[in-house]
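# Examination of the molecular architecture
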Amino acid sequence: MGILVENISKKYQNTTAIQDISFEVNKGELFGLIGPDGAGKTTIFRIVTTLLIPNSGKVTVAGLDVVQQYKQIRNIVGYMPGKFSLYQDLTVEENLQFFATIFGTTISENYHLIKDIYTQIEPYKARRAGALSGGMKQKLALCCALIHKPKVLFLDEPTTGVDPVSRKEFWEMLKRLKQFGITILVSTPYMDEASLCDRIALIQKGKILKIDTPQRLIQNFSKIIWNIKSSNKYLLLEDLKAFEHKHSVFAFGDSMHFIAKTDLVSKKEIENYLKTKNHSDIEVNKIEPTIEDIFMDLS
Amino acid sequence: MPQNTMIKVENLTKTFGNFTAVKGISFDVKKGEIFGFLGANGAGKTTAIKMLIGISKPTRGTAVVAGFDVQTDSEKVKRNIGYMSQKFSMYDDLTIRENIVFFGGIYGLSRQEIKQKTEQLVQELELENYIDQLVISLPLGWKQKLAFSVAMLHEPQIVFLDEPTGGVDPITRRQFWEMIYAKAHTGTTIFVTTHYMDEAEYCDRVSIMVDGSIEALDSPKGLKEIYGVNSMNDVFLKLARNIE
């Protein structure tokens, strides 16, 4: 059994942080909560890690109730909060030792779980955690969250503010952890990381927009997305915004993603319109949507 | 320095004890250019930016920003640039209005100017109904758009944006970049860092720092051609991976 979240809501004074959230994470699954800052991701993490009691709804983790059986849950889960929360004035090795000890285990007992990750920071094991770079802090935090061999691992925005290379490495580590059967709930504001999860929930403003596998979300997206380029990006965006057939247009790297009000609009029509606006080097192509396209269309 | 060069950096170096964080970097940024300053965590970006905005003295080398030398004229540099970052942009426990008045004062605007700027700014951002709310109560995306406008209060010729869109939702992130485009269009120079590689594509030119040095500097198109890949993400991965 993994994680079962049923109709939870949480209010802080007048602000509703999350509203009627339900989802299920299967045992051994890598499940992603994908959404921007303020979507309510951290509130969900606090509830499922027993640190916050919801106003309504029910949550079980590995079959245990987060309110009634919180002590048992704390023994069997690993939690990496969004803010770095290791002891800055302990060394790398001391931090790991500390977490192993309070969970009644030793580093050597579960070393196989962290070996891949720990060997990358081992050269710095005598360094104080506070003096590590962002990428290394994150690796140490993951080791500390894993050292007691948790059944369920909670990772709240582990890659926020982390550069693309370290992000990629981090996701490779998560994939390798799956072989040990650990259930993982991870959140991220980076939409491109969604495709690395088994299933995802797209979340915004305290509500879940959609839950599915990334592949099915993409397959089931019914609108046509046109990838459009021309020599002047700024004017291209302005002109597409003013196009009578526009449903939405968003910049995507070196091109624009355009959705028309109706699927009847043809490539030729778009090209002709841009020609009348004096664009050159025009390219118009149908493309498969990304998770980010889908997220923006739902929000 | 030619009139249209907003930043001129030559052999800029910073050492801390026996560690060299920035190793003799050199580059120019032109007026009205959107310049992306990329690099992995720990590559030395923040140290370099601190020197460019006049809050850290270079160990060696020179940087002239908005016409002033950061070594000898750092106070003038600070007055002539705008700056915002993800970590610090505005005071959370002041209202929108109070933040504008505060920063307007810091930048030396007159009361009359501050009053006029306040009206113009909240109107542009459609924040009329929220002007007396504490900044802490605003969604991050609004806050960052507001912070950008506040950093531009004194109409600086150049603005430094340090990871301005981290964690911001995809739609607001794009609106933010439209504000950047519009400012660049009117001649403001934009110096920006980001971890979103799609945003790197929006820049006119991009530099990539690896281990204290600038390893690559070109237009996104040029970089993709040089490294034979289809996206800036791949350029970035290729550069940083090769070093290891």
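None of the values given here were measured: they were computed from a predicted structure. (Residues numbered from 1 in each chain as written. Chains lettered and ligands numbered in written order. Predicted model: local features only at pLDDT ≥ 70, side-chain atom pairs only at ≥ 80, totals over all residues. Heavy atoms only, no water.)

## Brief notes about a negative patch on the surface
Residues and elements named next belong to chain A. Convention followed: The patches reported here contain residues having more than 30% relative accessible area and no salt bridge. Joining distances are 9 Å for like charges and 5 Å for nonpolar side chains (Val, Leu, Ile, Met, Phe, Trp, Tyr). Computed with the Shrake-Rupley method and a 1.4 Å probe, the accessible areas treat only the protein chains shown as cover for residues. Whenever Lys or Arg places a side-chain nitrogen within 4 Å of a carboxyl oxygen from Asp or Glu, that contact is recorded as a salt bridge. In this tally Asp and Glu are treated as negative and Lys and Arg as positive; neither His nor the chain ends contributes. We put the charge of a Lys on NZ, of an Arg on CZ, of an Asp on CG and of a Glu on CD. A helix here means a DSSP run of H or I that spans at least four residues, while a strand means a run of E at least two residues long, and both kinds are numbered starting from the N terminus. The rule is simple: take the accessible area with a 1.4 Å probe, protein chains only, and divide by the maximum for that residue type; under 20% is buried, over 50% is exposed, in between is partly exposed.
On the surface, Asp-89, Glu-93, Glu-94 and Glu-122 cluster together into a negatively charged patch. Among the structural elements, Glu-93 can be located in helix 3 (residues 92–102). Since its relative accessible area comes to 35%, Glu-93 is described here as partly exposed.

## As for the packing of aromatic side chains
The cut-off we apply is this: Only centres within 6.5 Å qualify two rings of Phe, Tyr or Trp (six-membered ring in Trp) as a pair; their planes then separate them into stacked at under 30 degrees, edge-to-face at over 60, and tilted for everything else. Either the NZ atom of lysine or the CZ atom of arginine qualifies as a charge over a ring when it sits within 6 Å of the ring centre and within 35 degrees of the ring normal.
Using the criterion set out here, one finds 23 aromatic pairs over all chains in the structure. Taking the centre distance of 6.3 Å and the plane angle of 85° together, the rings of Phe45(A) and Phe154(A) count as edge-to-face. One end of the pair, Phe45(A), is in helix 1 (residues 41–48); the other, Phe154(A), is in strand 7 (residues 152–155), with 109 residues separating them in the sequence. Of the two residues examined, Phe45(A) and Phe154(A), each falls in the buried class. Site record: aromatic cluster; members linked through ring pairs are Phe27(B), Phe35(B), Phe37(B), Phe160(B) and Phe191(B). Against the face of Tyr190(A) rests Arg167(A), its NZ or CZ located 3.7 Å from the ring centre.

## Regarding a nonpolar patch on the surface
Residues Tyr87(A), Phe98(A) and Ile102(A) make up a contiguous nonpolar surface patch of about 290 Å² in total accessible area. Along the chain, the position of Phe98(A) falls in helix 3.

## A word on the packing of helix 5 (residues 140–151) of chain B against helix 6 (residues 170–185) of chain B
All names here are of chain B. Note the threshold: Axes here mean lines fitted to C-alpha atoms, for a helix over just the part in contact, with angles spanning 0 to 180 degrees between N-to-C directions. Relative orientations are named as follows: roughly parallel for angles under 35 degrees, roughly antiparallel for angles over 145 degrees, roughly perpendicular for angles from 65 to 115 degrees, and oblique for any other angle. Pairs of residues are marked as contacts when any of their non-hydrogen atoms sit within 4.5 Å. Each residue gets one of three labels, nonpolar for Ala, Val, Leu, Ile, Met, Phe, Trp, Tyr, Cys and Pro, charged for Asp, Glu, Lys and Arg, and polar for the others, Gly among them.
Contact pair helix 5 / helix 6: the axes reach a minimum separation of 9 Å and the direction vectors enclose 10°. Here helix 5 lies roughly parallel to helix 6, going by the angle between them. Contacts between helix 5 and helix 6 pair Gly-141, Gln-144, Lys-145, Phe-148 and Ser-149 from the former with Thr-172, Gln-175, Phe-176, Met-179, Ile-180 and Lys-183 from the latter. Here the residues of the contact of helix 5 with helix 6 sort into four nonpolar, five polar and two charged.

## Points about the domain arrangement of chain A
What counts here: An automatic or database domain assignment is the source of the domain bounds shown.
Structurally, chain A comprises domain 1 (3–219) and domain 2 (225–288). Taking the mean C-alpha position of each, domain 1 of chain A and domain 2 of chain A sit 40 Å from one another.

## A short note on the interface of chain A and chain B
To keep things clear, this is the line we draw: When two parts are brought into contact, each loses some accessible area as probed by a 1.4 Å sphere; the total of that loss over both is the buried area. For the purposes of these results, a polar contact is taken to be a pair of N or O atoms within 3.5 Å, where, inside protein, one atom must be able to donate a hydrogen and its partner to accept one; residues adjacent in sequence count only when each atom of the pair is a side-chain atom.
Counting residues at the interface gives 29 residues for chain A, matched by 29 residues for chain B. Counting the surface lost from both chain A and chain B, the interface buries some 2,600 Å², and carbon and sulfur atoms represent 60% of this. Taken as a group, Pro164(A), Val165(A) and Tyr234(A) account for 22% of the area that chain A buries against chain B, more than any other trio of residues on that side. Counting across the chain A and chain B interface gives four salt bridges. Of the charged contacts, one joins Arg174(B) and Glu292(A) as a salt bridge, the two residues approaching to 3.1 Å between their closest N and O atoms. Here chain A and chain B share nine residue pairs in polar contact (both at pLDDT 80 or more) between them. Contributing elements (two or more residues each) for the side of chain A that touches chain B: helix 6 (164–177), helix 8 (233–242), strand 12 (246–252) and helix 10 (291–298) of chain A. The element contributing the most residues to the side of chain A that touches chain B is helix 6 of chain A, with seven residues.

## A word on the side chain of Asp156(A)
Residue and element names in this part refer to chain A. As for its position among the elements, Asp-156 is in the loop between strand 7 and helix 6. For the buried Asp-156, no salt bridge is present, and the opposite-charge side chain at shortest range is Lys-41, 6.2 Å distant. Look past the residues within four positions of Asp-156 in its chain and what remains in contact with it is Thr-42, Phe-45, Met-80, Pro-81, Gly-82 and Ser-187.

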